[in-house]
Amino acid sequence: TTRELSLLSINSFQRGLADSEQLIRALALRVLTSIRIPDIIQIQILGVQKCSKDHSPYVRKCSANAILKISPRCAGDPQQQEMLLDIMKQLLDEDTSTMVLTSAMIAFSELCPDRLELLHTS
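Every value quoted in this text rests on a predicted model; they were computed, and no experiment measured them.

Colleague: Teacher, can you tell me more about the overall build of the protein here?
Modeller: Each helix and strand in the protein was counted, giving six helices and zero strands. Reading the helices (α) and strands (β) of the protein from amino to carboxyl end gives α-α-α-α-α-α. Taking 122 residues into account, the globule formula puts the C-alpha radius of gyration at 14 Å, and the protein, at 14 Å, falls close to it. In terms of principal-axis extent, the alpha carbons of the protein reach across some 45 × 35 × 20 Å. Burial statistics for the protein: of 122 residues in total, 40% are counted as buried. Here the analysis covers contacts within the protein between residues at least 6 apart in sequence; of these, 61% occur between residues at least 24 apart.

Colleague: What exactly am I supposed to notice about a nonpolar patch on the surface here?
Modeller: A surface patch of nonpolar side chains, amounting to about 240 Å² of accessible area, comprises M105, L116 and L119. Relative to the assigned elements, L116 resides in the segment after α6 (98-111). L116 gets classed as partly exposed once you look at its relative accessible area, which sits at 46%.

Colleague: How should I be thinking about the pattern of salt bridges in this particular structure?
Modeller: Side chains that carry opposite charge are capable of pairing whenever their charged atoms lie near each other. Scanning the entire structure with this criterion turns up four salt bridges. In this structure, the salt-bridge partner of R115 is E82, at a minimum N-O distance of 3.9 Å. Here the residue R115 occupies a position in the segment after α6, and E82 occupies one in helix α5 (residues 78-94), the gap between them amounting to 33 residues. Taking the shortest distance from any N to any O, the salt bridge between D93 and K89 comes out at 2.8 Å. One end of the pair, D93, and the other, K89, are both in helix α5, four residues apart, so they sit about a helical turn from each other. Residue D93 is classed as partly exposed on the basis of its relative accessible area, which comes to 38%. Overall, K89 belongs to the partly exposed group, its relative accessible area being 22%.

Colleague: In this structure, what is going on with the environment of Q49? I would like to understand it.
Modeller: Inspection of the secondary structure puts Q49 in helix α3 (residues 41-51). Residue class for Q49 comes out partly exposed when judged on its relative accessible area of 28%. Q49 sits 37 residues away from D86 along the chain, and the two C-alpha atoms are 9.3 Å apart.

Cut-off values and rules
Residues numbered from 1 in each chain as written. Predicted model: local features only at pLDDT ≥ 70, side-chain atom pairs only at ≥ 80, totals over all residues. Heavy atoms only, no water. Helix = DSSP H or I, 4+ residues; strand = E, 2+ residues; numbered from the N terminus. Rg over C-alpha atoms; globule rule 2.2 N^0.38 Å. Buried < 20%, exposed > 50% of the residue type's maximum accessible area, 1.4 Å probe, protein only. Contact = heavy atoms within 4.5 Å. Patch = residues over 30% accessible without salt bridge, like charges linked within 9 Å, V, L, I, M, F, W, Y side chains within 5 Å. Areas by Shrake-Rupley, 256 points an atom, 1.4 Å probe, with all protein chains shown as cover. Salt bridge = Lys/Arg side-chain N within 4 Å of Asp/Glu carboxyl O.

Structural data, given as structure tokens:
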């Protein structure tokens, strides 16, 4: 079935997250987070977390976009939701690339526009 094929392909996408080429890493994350199988949400979150620390701003931007993409699938699990918010907060706090910050701000405004404490840390 399609579900089984998707599960078998996940290993390839995880390998793509470690590729030397930034476009391959970004594309692997985009494809991985597009798979809508609830069993792999933790793998997707780990992929987003890994890519949020990538040396390429483009890959980090794709990571911020992926937060917005997979967040609705984590709505039933507060721990997963909090993990995504932590990744977003890290991007907002530590990244200096305008490309990354723009995507992180869009994710913030869509996911938690009322949680201003994420922006104003002490």
